[in-house]
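# Coordinates in review
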Amino acid sequence: MAKDTTDTPQGPQHVAIIMDGNGRWAQQRGRPRLFGHHAGARRVREIVESCPDVGVKYLTIFAFSTENWKRTQSEVAGLMRLFRRYIEREAKALFQDGVRVRFIGDRIKLDSKLVTLMDNLELYTADNDKVHLTIALNYGSRDEVTRAAQRLAVEIEQGRLSHKDVDAETLSRFLDTRFLPDPDLVIRTSGEARISNFLLWQSAYAEYEFLDTLWPDFTAEEFAKVVGSFGSRERRFGGATV
Ligand code: IPE
Ligand code: IPE
Ligand code: MG
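One numbering rule holds for all chains: residues counted from 1, following each sequence as written. By the order in which they are written, chains take letters starting at A while ligands take numbers starting at 1. This being a predicted model, a pLDDT of at least 70 is required before a residue's local features are given, and a value of 80 or more before pairs of side-chain atoms are given or counted; all residues contribute to the totals for chains, interfaces and linings. Only hydrogens and water are removed before side-chain values are computed, so all heavy atoms of the structure are retained for them.

This part covers the overall build of the chain. Looking only at helices and strands, one finds seven helices and six strands in the chain. What counts as a helix is a DSSP run of H or I of at least four residues, what counts as a strand is a run of E of at least two, and both are numbered from the N terminus. Each helix and strand of the chain, placed in order from N terminus to C terminus, yields the pattern β-α-α-β-α-β-α-β-α-α-β-β-α. Note on method: radius of gyration uses C-alpha positions; expected globular size equals 2.2 Å times residues raised to 0.38. The C-alpha atoms of the chain give a radius of gyration of 18 Å, which matches the 18 Å a tight globule of 242 residues would have. Each principal axis of the C-alpha atoms in the chain carries an extent, and together these give about 55 × 50 × 35 Å. Buried residues in the chain amount to 48% of all 242 residues. Each accessible area value is a Shrake-Rupley result obtained with a 1.4 Å probe; residue values ignore everything except the protein chains displayed when judging cover. Counting every atom, the chain has about 12800 Å² of accessible surface; 50% of that belongs to carbon and sulfur. Working definition: with a 1.4 Å probe on protein chains only, accessible area under 20% of the residue-type maximum means buried, over 50% means exposed, and in between means partly exposed.

To continue, consider unusual backbone geometry. Glycine aside, a negative phi is what most residues show, and trans is what most peptide bonds show. Notably, S190 is not glycine yet its phi reads approximately 85 degrees, a positive angle. In this structure, S190 sits in the loop between strand 5 (185-188) and strand 6 (207-210). Phi at S196 takes a positive value of approximately 50 degrees, unusual for a residue other than glycine. Looking at the secondary structure, you find S196 in the loop between strand 5 and strand 6.

This paragraph deals with the site of ligand 2. By convention in these notes, a residue is near a molecule or strand provided one of its non-hydrogen atoms lies within 4 Å of it. Taken together, I18, M19, D20, F62, A63, F64, N68, R71, R188, R194 and S196 are the residues near ligand 2. Any pair of nitrogen or oxygen atoms within 3.5 Å is treated as a polar contact; in protein, a donor-acceptor pairing is required on top of that, and neighbouring residues in sequence qualify only through side-chain atoms on both sides. One of the side-chain nitrogen or oxygen atoms of D20 is found 3.2 Å away from an oxygen atom of ligand 2. One of the side-chain N or O atoms of S196 is found 2.6 Å from an oxygen atom in ligand 2. Considering ligand 2 on its own, with 390 Å² of exposed area, one finds that the protein chains cover 78% of that surface.

With that settled, consider the sheet that holds strand 4 (residues 131-139). Should DSSP find at least two bridges between two strands, the strands are regarded as paired. One open sheet accounts for six strands, arranged 3-4-2-1-5-6; its pairing is parallel. At either margin of the open sheet sits one strand with a lone partner, and together these are strand 3 (99-104) and strand 6. Strand-to-strand twist in this sheet, taken as the mean axis angle between neighbours without regard to direction, amounts to 20 degrees. Relative to strand 6, strand 5 runs parallel, the two being bridged by four bridges. Axes here mean lines fitted to C-alpha atoms, for a helix over just the part in contact, with angles spanning 0 to 180 degrees between N-to-C directions.

Turning our eyes to something else, we now look at the pattern of salt bridges. Salt bridges are defined as contacts in which a side-chain nitrogen from Lys or Arg sits within 4 Å of a carboxyl oxygen from Asp or Glu. Enumeration according to the criterion identifies 22 salt bridges in this entry. Of the charged contacts, one joins D184 and R235 as a salt bridge, the two residues approaching to 3.2 Å between their closest N and O atoms. Pair noted here: D184 is in the loop between helix 6 (168-173) and strand 5 and R235 is in the segment after helix 7 (220-229), with a separation of 51 residues, a long-range link. By relative accessible area, R235 is classed as partly exposed at 24%.

Quick look at the structure:
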């Protein structure tokens, strides 16, 4: 039976995941990298569906970074095709599961067909509230903060805002993540212990979990274990407890 979220007050409300290791997973099987990306995409549904059971209200997943354009043209094209197919195939199930989907990242570089699918999925699921799934696509924190600074500068230039109004709260309202609480827990799979330009500002006080599991092998069971162990961490936010 699904657990009431009030049963787990210590649990993380917002979990962000760097879904890494698809390429290595495919390589281990002697298959092309895209085979790994397809396997990775199939993992997402199980994790999203398990969120209410483990008390996670917000799930943010890193699907494609602003740096991932450096990959071969065929990998990038395959990933873009995969994102389109993913949205087309998963929209109904996401809707029925009460998931509200939103995207963060710069849409300007993305194919217009993909952007239309993204916009439509956001609209289609806009009234859902069970799980808030945010997909980071062409997302990079430095790019996000730069775009926020540009928009802030325009507001000031046009006299709608004074430079004196610019504080952390105001800047946050210009970020792609303006509708999200800060992540409590950031998980990265595949054994790499780095952030790779993901939610730098938002994760200032997040806890991190670096797991050796490659993303296509990540299960709801492992997710529940990591989320469960979060309660034992003492978060001080700069204060002192003894
Ligand atoms: C993560 O898997 C998915 C994307 C970055 C799109 P990778 O493709 O980075 O897999 P590895 O790190 O090469 O194994
Ligand atoms: C981070 O993984 C981006 C995503 C998971 C989408 P990468 O595989 O691109 O990161 P690096 O290159 O190892 O830092
Ligand atoms: Mg990688």
